[in-house]
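Residue strings, one per chain:
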Amino acid sequence: MNEVRHYVTVFGYYAKLAIQRQLEYPLFLVSWLLMIPTQYFTGIWMLKIIVDRFQPLSGWGFHDLAFLYGLGLLSHGLVVVFFIPTWGTEFAVLRGEFDRLLLRPMNVFFQFVTGYFNFIGLIDLIPGVVIFIYAANLVGFDWGIGNLLKLALVVIGGTLIRASLYTIIGAVAFWTKRSRNLIFMAVATMERTTMYPLTLYPQAIQAVLTFLLPIGFISFYPAEQFLDKSTSLELPLGLAIWTPVVGLIFFALAYAVFRFGLQKYESAGS
Amino acid sequence: MRAYGYFIKMRVLTALAYRFEVWIGMVGDIIMLAASVYIWKAAYGNGVVGSGGFDVGLQNMITYTVISVLLASVFQTGVQNTIYTQVREGNIALDFMRPLPLLGIYLSDDIGSMVSALVNKAIPLIVAAVLLFGFPLPAGAGAFAGFLVSSLFSFVILWLMSAMVGMVAFWVAELGNLGMVKDAVVRVLSGSLVPLWFFPDAVQNVSEWLPFQYTYQTPIGIYIGVTTAGDAVRAICIQGIWVIILGLLLAWIWKHARSKVMVQGG
């Protein structure tokens, strides 16, 4: 128990440092503050234009699409805030930053991830929250306690699944010294698979994104359930249970891969 | 001229040295391409759907998407980030000491990147697109020729805009990389994702007076034959006018930017 408290204290301290560091140049946030909302609001606008001109996309009208888009964006935002260091594993490996972390009497993965609390990432959450609330009202989302709890579980589970995927892909750098482009590819792919209905894609791809990579659990299957659609994946319990469970299992796997990769870490040359 | 040739060559060689990176990037491009095509397939459904007076069929929209991704992978406008980073880190002072016009050097760099992108990215992308969605044929030989000319203008317009936004750094480096903001706007208003003819009329009317749609939509529209020969000539002329306007504007900004150089740190 004492140890947990110690970790929490350290996290708080790291977060405080990181926020102070990022607020040192507040104007520097301006371009992000303009770019991120532009990117996501226009993204949803594109969907509206397509649906307006054509028809619902495989049974998903604009309201449903916006709901899925917002739900996907929520866990994306949280990952960007809490797990952004995994995107930069390549740099940490190349610069030998794990030397420092390995010498300290604390879990290396914990230090690595909490070492940069990405305050700026909150900007990603702005369009996420706005779009989600807007769409939730459009589809008549029930804001009762039970549903909110389900929502929280789904978002946390979704965040864990994303974090695990980035951890594993980032850890490729322990072997190859390179993983940045793989990360970029994963980020782009995640957008198209968590913010757009999976049923757009062929069955084989849906199967891969469900059983091989549990991306469908992040937001698509939960959204289907929240919207009372006929679910494309039959499971005995609700997704509010499945998403966090899958998240935890995948996270444990990702942690194991990271640990395994760390053994291959050979510090940086001069 | 030989000096610029050297810059181009060095850039090609550097890009080729990171082949693994390039391949990963290409797989990403193909995934995004496929994702967009599936959205169009769902939008069109099984039957033919009329779309705002335009008769653009699904096959044409798939071709549109393929060519758009292809152009995006070939058009290299690194100048934006180059100027931003060089100004921010103070290296711009050293760049100014080079015995060649700086913008010429940056342009050569980007042309070099484009040459390697043609080999490294465009060809594999075309192969992948043919295997997945069939050959993205142009509407005809004339359309293809028009497309090539128009694409050249498109690149110049994109490059001039990028250089201009990069130069904002001379005045306000502390605002961060505004190029990202410009890119986000261009992605939408250029019609690179969704052609502007599907947009609401009000947006279309405004867009005609902005340079953005002349970067992606114009050449691709000519390629798939939505733009008729007469309109194509007119569109290419408008592109030319934009090149002149943006070119003059850039020259003017550049003249003033040079006097704004501030070297940071010691």
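Basis of the calculations
- Residues numbered from 1 in each chain as written.
- Chains lettered and ligands numbered in written order.
- Predicted model: local features only at pLDDT ≥ 70, side-chain atom pairs only at ≥ 80, totals over all residues.
- Heavy atoms only, no water.
- Helix = DSSP H or I, 4+ residues; strand = E, 2+ residues; numbered from the N terminus.
- Expected span 1.5 Å × (residues − 1).
- Buried < 20%, exposed > 50% of the residue type's maximum accessible area, 1.4 Å probe, protein only.
- Phe/Tyr/Trp six-rings, centres within 6.5 Å; stacked < 30°, edge-to-face > 60°.
- Lys NZ or Arg CZ within 6 Å of the ring centre and 35° of its normal.
- Axes fitted to C-alpha atoms, helices over the stretch in contact; angles between N-to-C directions.
- Left-handed = near helix turned anticlockwise from the far one by under 90°.
- Contact = heavy atoms within 4.5 Å.
- Nonpolar A, V, L, I, M, F, W, Y, C, P; charged D, E, K, R; others polar.
- Salt bridge = Lys/Arg side-chain N within 4 Å of Asp/Glu carboxyl O.

Q: Which residues make up helix H3 (residues 58-74) of chain B, and what are the values?
A: If you check H3 of chain B, its first and last C-alpha atoms are 24 Å apart, about what 17 residues at 1.5 Å a residue would give, namely 24 Å. Taking burial as the measure, the 17 residues of H3 of chain B include 13 buried ones, the bulk of the element.

Q: Please provide a residue-by-residue account of the packing of aromatic side chains, values included.
A: Two measures describe an aromatic ring pair: the distance that separates the ring centres and the angle between the ring planes. Residues and elements named next belong to chain A. Overall, the coordinates contain 43 aromatic pairs over all chains when judged by the stated rule. Seen from their ring centres, Phe98 and Tyr265 are 5.3 Å apart, and the 75° between their planes marks the pair as edge-to-face. Of this pair, Phe98 sits in helix H5 (residues 98-103) while Tyr265 sits in the segment after helix H12 (239-264); the two residues are 167 residues apart in sequence, bridging distant segments of the chain. Tyr265 shares its class with Phe98; the two are buried. Taken together, the aromatic side chains of Phe83, Phe98, Phe109, Phe112, Phe174, Phe251, Tyr255, Phe258 and Tyr265 make up a single cluster linked through ring pairs. Its end group placed over the ring of Phe62, Lys48 keeps NZ or CZ at 5.1 Å from the ring centre. When the ring centre of Trp60 is taken as origin, the NZ or CZ atom of Lys229, which lies over that ring, is 4.9 Å away.

Q: Quick rundown of the packing of helix H2 (residues 30-53) of chain A against helix H7 (residues 122-138) of chain A? Include the residues and the values.
A: All names here are of chain A. Closest axis-to-axis distance for the H2/H7 pair is 8 Å, and the angle between their directions is 30°. For H2 against H7, the interelement crossing comes out right-handed. Only Ile123, Asp124, Ile126, Pro127, Val130 and Ile131 of H7 make contact with H2, whose side of the interface consists of Trp32, Leu33, Ile36, Pro37, Tyr40, Phe41 and Ile44. For the contact of H2 with H7, the residue count by class is twelve nonpolar, no polar and one charged.

Q: Can you explain the pattern of salt bridges? Please cite residues and give values.
A: Residues and elements named next belong to chain A. Here the structure, examined in full by the defined rule, presents six salt bridges over all chains. Notably, a salt bridge pairs Asp52 with Lys48, separated by 3.2 Å at the nearest N-O pair. Residue Asp52 and its partner Lys48 are located together in helix H2, separated by four residues, close to a single helical turn. Ionic pairing is found between Asp64 and Lys229, a salt bridge with its closest N-O pair at 3.0 Å. Note that Asp64 is positioned in helix H3 (residues 62-82) and Lys229 in the loop between helix H11 (220-226) and H12, a separation of 165 residues in sequence.

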